[in-house]
Amino acid sequence: MPFDASDRAAFRGVIALELRNGAPPAHAALEAASAGDVAERLGRDLAELVPEAATCALALLGAHFDPAEVLRPGWPLHRRALELLQRAPGKAQGARIVGFGADAQGDVPLPLQADPALAGGGLRVLPFVLRGENAEAAGEALEARLLDRGMAAADTALALQDGLGAQLEHVRYLSLHDLLAMMAMQYRNVGLDGLWSLLETALLDPAGTCLLDAPPEPLARYGDGEVRIALLDPAAWRRRTLPDEEDGARLERGFALFQARQRQYAAVLGAHAIDVNFVHCGDGDSACLQ
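Counting from 1, residues in each chain are numbered in the order their sequence is written. Local features in a predicted model are, by the rule used here, given only for residues with pLDDT of at least 70; side-chain atom pairs are given and counted only at 80 or more, and totals for whole chains, interfaces and linings are based on all residues. Where side-chain values are given, they derive from all heavy atoms of the structure, hydrogens and water being excluded.

K.L.:
Would you take a moment to explain the packing of helix 7 (residues 193–204) against helix 9 (residues 248–271) for this structure?
P.N.:
Axis angle and axis distance: for two packed helices, these are the angle between their axes and the distance between the axes, and together they describe the pair. Only the stretch in contact is used when a helix axis is fitted, and all axes are lines through C-alpha atoms; the angle between N-to-C directions ranges over 0 to 180 degrees. Each helix is a run of DSSP H or I of at least 4 residues and each strand a run of E of at least 2, with the numbering of both proceeding from the N terminus. Look at helix 7 against helix 9: their axes get within 11 Å of each other, and the N-to-C directions meet at 35°. Between helix 7 and helix 9 lies a crossing whose hand is right-handed. Along its contact with helix 7, which presents Gly-194, Leu-195 and Leu-198, the element helix 9 presents Tyr-265, Val-268 and Leu-269. All amino acids are sorted into three groups, where Ala, Val, Leu, Ile, Met, Phe, Trp, Tyr, Cys and Pro are nonpolar, Asp, Glu, Lys and Arg are charged, and the leftover types, Gly among them, are polar. By residue class, the composition of the contact of helix 7 with helix 9 is 5 nonpolar, 1 polar and no charged. In this scheme the crossing of two helices becomes right-handed for a clockwise turn of the near helix relative to the far one and left-handed for an anticlockwise turn of less than a right angle. Working rule for contacts: check all heavy atoms of both residues, and any pair within 4.5 Å makes them a contact.

As structure tokens, then:
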């Protein structure tokens, strides 16, 4: 699904850091000077791939986040980067390149503070935006090239490694669409296809609806900006999932797994800032989620 047309004036991307052995970076964010240096190198790397990128203003958030923090309705981190770019001095000086990082004391300002509950993953991302008259054309070209040719230059990767105190396996540039595709593949590889369908609708078609009614998965519906998950009692769950099963122990285990799956759905959706409401559904019919 395409992004809303109002996004055409800006290209949204990330610097993706693959951590060696999953070891977390020592620092939550680059210092301000280092953020500016990495932003300059990022701008150079993008312009080498797509010359139009050199005519666009660029803003980099010099803090690393879990991908779920980037993939949230309304793209809040990229929206914040655009807001900071708008407020940054030098508008009359043409295409600006700005990196936002920690202050001189090493304190990370609120817009750059990552969720500590989502720390520990093997992939961390730094959001960036391009904005300007040529951002749409540059963005279309970058969409076509980054996935295959978006490895960061060696000096850019080294600057990130040193600035964050990180052990990095790979550093590459991705568009927001690329990151979405990567996360979709990861979720599907661990059997969360149904959950991804709900999440994809919330992110890319927030005014739309999506019903997941595929036992043994939870019964859930996205609509009106939230996901409603049906709370089933054991009898309703049995009628919906294993109507012919007579083994009491197997039914008990199955229902416990079903409840754990519901909690997993709620946790993942919560990481993406999707509101979740549990709705009692006595007969197991999806109409209760309307």
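K.L.:
Whenever I open this one, empty space enclosed by the protein confuses me. Can you help?
P.N.:
Take a probe with the size of a water molecule and roll it over the atoms, and the empty space left behind shows itself. The definitions used throughout rest on a 1 Å grid laid over the protein atoms alone, on which a cavity is an enclosed set of points accommodating a 1.4 Å probe that cannot get out and a pocket is an open set flanked by protein within 12 Å on both sides along at least five of seven lines; lining residues are those having an atom within 4 Å of a point. Grid points are joined across faces, edges and corners, and a volume is the space filled by probe spheres set on the points. The tally for this structure, following the rule as stated, stands at 1 cavity of 30 Å³ or more. Approximately 30 Å³ is the volume found for the largest cavity. Considering the residues around the largest cavity, the lining is formed by Arg-221, Gly-223, Asp-224, Glu-226, Arg-228, Leu-289 and Gln-290. Breaking the lining of the largest cavity down by element, the ones donating at least two residues are strand 7 (220–223) and strand 8 (226–231). Its residues placed into classes, the lining of the largest cavity shows 1 nonpolar, 2 polar and 4 charged.

K.L.:
Would you explain the side chain of Thr-201 in this entry?
P.N.:
In this structure, Thr-201 sits in helix 7. Among residues more than four places away in sequence, those in contact with Thr-201 are Pro-206, Gly-208, Thr-209, Cys-210 and Tyr-222.

K.L.:
How should I be thinking about helix 8 (residues 234–241) in this particular structure?
P.N.:
One full turn of an α-helix is made of 3.6 residues, so residues set three or four places apart face in the same direction. Three exposure classes are used, based on accessible area relative to the maximum for each residue type with a 1.4 Å probe and protein chains only: buried under 20%, partly exposed in between, and exposed over 50%. For helix 8, the full list of buried residues reads Ala-236, Trp-237, Arg-240 and Thr-241. One face of helix 8 carries all of its buried residues, which in axial projection span an arc of 110°. Those residues of helix 8 that are buried are in contact with strand 6 (210–212) and helix 9. Note that the arc is computed from the directions linking the helix axis to the C-beta atoms.

K.L.:
In this structure, what is going on with the sheet that holds strand 6? I would like to understand it.
P.N.:
Within a sheet, neighbouring strands are paired by backbone hydrogen bonds and run either parallel or antiparallel to one another. Taken in spatial order, the 4 strands line up as 6-7-8-9 in an open sheet, and their pairing is mixed. Edge strands, defined here as strands with exactly one partner in the open sheet, are strand 6 and strand 9 (275–280). Here the average twist between neighbouring strands, direction ignored, is 20°. Here a strand pair is declared whenever DSSP counts at least two bridges between the two strands. Two elements, strand 7 and strand 8, share 4 bridges in a ladder whose sense is antiparallel. What sits directly across from Ala-220, in strand 8, is Ile-229. The strands touched by helix 7 within the sheet are strand 6, strand 7 and strand 8, with strand 6 carrying the most contacts at an inclination of about 165°.

K.L.:
What is the right way to look at the packing of aromatic side chains in this model?
P.N.:
Any aromatic ring pair is given by two values, namely how distant the centres are and how the planes are angled relative to each other. Here a pair means two rings of Phe, Tyr or Trp (six-membered ring of Trp) with centres within 6.5 Å. Their orientation is stacked below 30 degrees between planes, edge-to-face above 60, and tilted elsewhere. The tally for this structure, following the rule as stated, stands at 5 aromatic pairs. Ring geometry for Tyr-187 against Trp-196: centres 5.6 Å apart, planes inclined by 80°, an arrangement best described as edge-to-face. Taken individually, Tyr-187 and Trp-196 each receive the classification buried, so the pair is uniform in this respect. Here a set of aromatic residues connected by ring pairs shows up, and it is made of Trp-237, Phe-255 and Phe-258.

K.L.:
What's the story with the pattern of salt bridges in this structure? I'm lost.
P.N.:
Opposite charge on two side chains lets them pair, provided their charged atoms get close. Within this document, salt bridges are pairs made up of a side-chain nitrogen of Lys or Arg and a carboxyl oxygen of Asp or Glu, the two lying within 4 Å of each other. A full pass over the atoms with the stated rule returns 11 salt bridges. For the salt bridge of Glu-169 with Arg-20, the shortest nitrogen-to-oxygen distance reads 3.4 Å. Highlighted residues: Glu-169 in strand 5 (residues 168–175) and Arg-20 in the loop between strand 1 (10–19) and helix 1 (32–49), separated in sequence by 149 residues. Judged by its relative accessible area of 40%, Glu-169 falls in the partly exposed class. We classify Arg-20 as partly exposed; its relative accessible area is 33%. Arg-44 is the partner of Asp-45 in a salt bridge, and the nearest nitrogen-oxygen pair spans 2.9 Å. Using a relative accessible area of 6% as the deciding quantity, one classes Asp-45 as buried.

K.L.:
How do you make sense of the sheet that holds strand 1 when you look at a structure like this?
P.N.:
What the 5 strands build is an open sheet, ordered 3-2-4-1-5; its pairing is mixed. A strand with exactly one partner marks an edge of an open sheet, and here the two such strands are strand 3 (97–100) and strand 5. Sheet twist, expressed as the mean angle between neighbouring strand axes with direction ignored, is 20°. As paired elements, strand 2 (residues 57–61) and strand 4 (residues 123–131) share 4 bridges and run antiparallel to each other. Across the sheet, residue Ala-59 finds its bridge partner in strand 4, namely Val-129. Along the sheet face, helix 3 (residues 76–87) touches strand 1, strand 2, strand 3 and strand 4 and points at about 45° away from the line of strand 4. Across the sheet, helix 4 (residues 135–149) is in contact with strand 1, strand 4 and strand 5; its angle to strand 5 comes to roughly 140°.

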